Amino acid sequence: MTLATLKEGERARLVRVSGDDAVKHHLGALGFVAGTVVRVVGASYGNLILAVHESRIAVNEATAQEIEIEAV
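Residues numbered from 1 in each chain as written. Predicted model: local features only at pLDDT ≥ 70, side-chain atom pairs only at ≥ 80, totals over all residues. Heavy atoms only, no water.

Student: Talk me through the overall build of the protein; I want residue IDs and the actual numbers.
Tutor: Helices and strands together make up the secondary structure of the protein, namely two helices and five strands. The helix and strand sequence of the protein, counted from the amino end, reads β-α-β-β-β-α-β. Relative to the 2.2 N^0.38 estimate, which gives 11 Å for 72 residues, the radius of gyration of the protein is 11 Å and therefore close to what a compact globule would have. Counting only C-alpha atoms, the protein reaches 30 × 25 × 25 Å along its principal axes. Every one of the 72 residues in the protein was classed for burial, and the buried ones make up 35%. Within the protein, counting contacts between residues at least 6 apart in sequence, those at least 24 apart form 58% of the total. With the model as given, the accessible surface of the protein reaches about 4,300 Å², and the carbon-plus-sulfur share is 50%. One finds the centroid of the 7 positive side-chain charges in the protein at a distance of 6 Å from the centroid of its 9 negative side-chain charges. (Helix = DSSP H or I, 4+ residues; strand = E, 2+ residues; numbered from the N terminus. Rg over C-alpha atoms; globule rule 2.2 N^0.38 Å. Buried < 20%, exposed > 50% of the residue type's maximum accessible area, 1.4 Å probe, protein only. Contact = heavy atoms within 4.5 Å. Areas by Shrake-Rupley, 256 points an atom, 1.4 Å probe, with all protein chains shown as cover. Lys, Arg positive; Asp, Glu negative; His and termini not counted. Charge placed at Lys NZ, Arg CZ, Asp CG, Glu CD.)

Shown next, in the form of structure tokens:
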């Protein structure tokens, strides 16, 4: 299951981030690491707005497809 499948208000635990090394490094610096629980706050202009730790981060659809998750 990927992050792109979540709806507003749903939570999930990150399992793995795939794709380009630069993107993986950038997301890791923002807190997107295995085991982190994220919550979908909303959507805007094709982006998912996520609560990660104490921050709000937007990821586009293509990036959300690269982030594998599991239910919490």
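Student: Tell me about the sheet that holds strand β3 (residues 47-52), and name the residues and values.
Tutor: Each strand in a sheet pairs with another by means of backbone hydrogen bonds, the pair being arranged parallel or else antiparallel. Within the open sheet, the five strands sit side by side as β4-β3-β2-β1-β5. Their pairing is antiparallel. Strand pairing shows two members of the sheet lacking a second neighbour, β4 (55-60) and β5 (67-71), which therefore form its edges. For this sheet, the mean inter-axis angle between neighbouring strands, taken without regard to orientation, is 45 degrees. Two elements, strand β1 (residues 11-17) and β5, share five bridges in a ladder whose sense is antiparallel. The partner of L14 across the bridge, within β5, is I69. (Pairing = 2+ DSSP bridges. Axes fitted to C-alpha atoms, helices over the stretch in contact; angles between N-to-C directions.)

Student: Outline unusual backbone geometry, supporting the account with residue identities and numerical values.
Tutor: Notably, Y45 is not glycine yet its phi reads approximately 50 degrees, a positive angle. Its place among the elements puts Y45 in the loop between β2 (37-44) and β3. For H53, which is not glycine, the phi torsion reads 55 degrees and is therefore positive. Among the secondary structure elements, H53 is positioned in the loop between β3 and β4. A relative accessible area of 55% places H53 in the exposed class.

Student: I'd like a description of the pairing of β3, backed by residues and values.
Tutor: Side-chain direction in a regular strand flips from residue to residue, so the side chains alternate between the two faces of the sheet. Pairing geometry for β2 and β3, over six bridges, is antiparallel. Residue pairing across strands places A43 opposite L48, the latter belonging to β3. Taken together, β2 and the strand that follows it, β3, pair antiparallel across an intervening segment of two residues, in which Y45 is found at a positive phi of about 50 degrees. What sits between β3 and β4 in their antiparallel hairpin is a turn of two residues, with H53 showing a positive phi close to 55 degrees.

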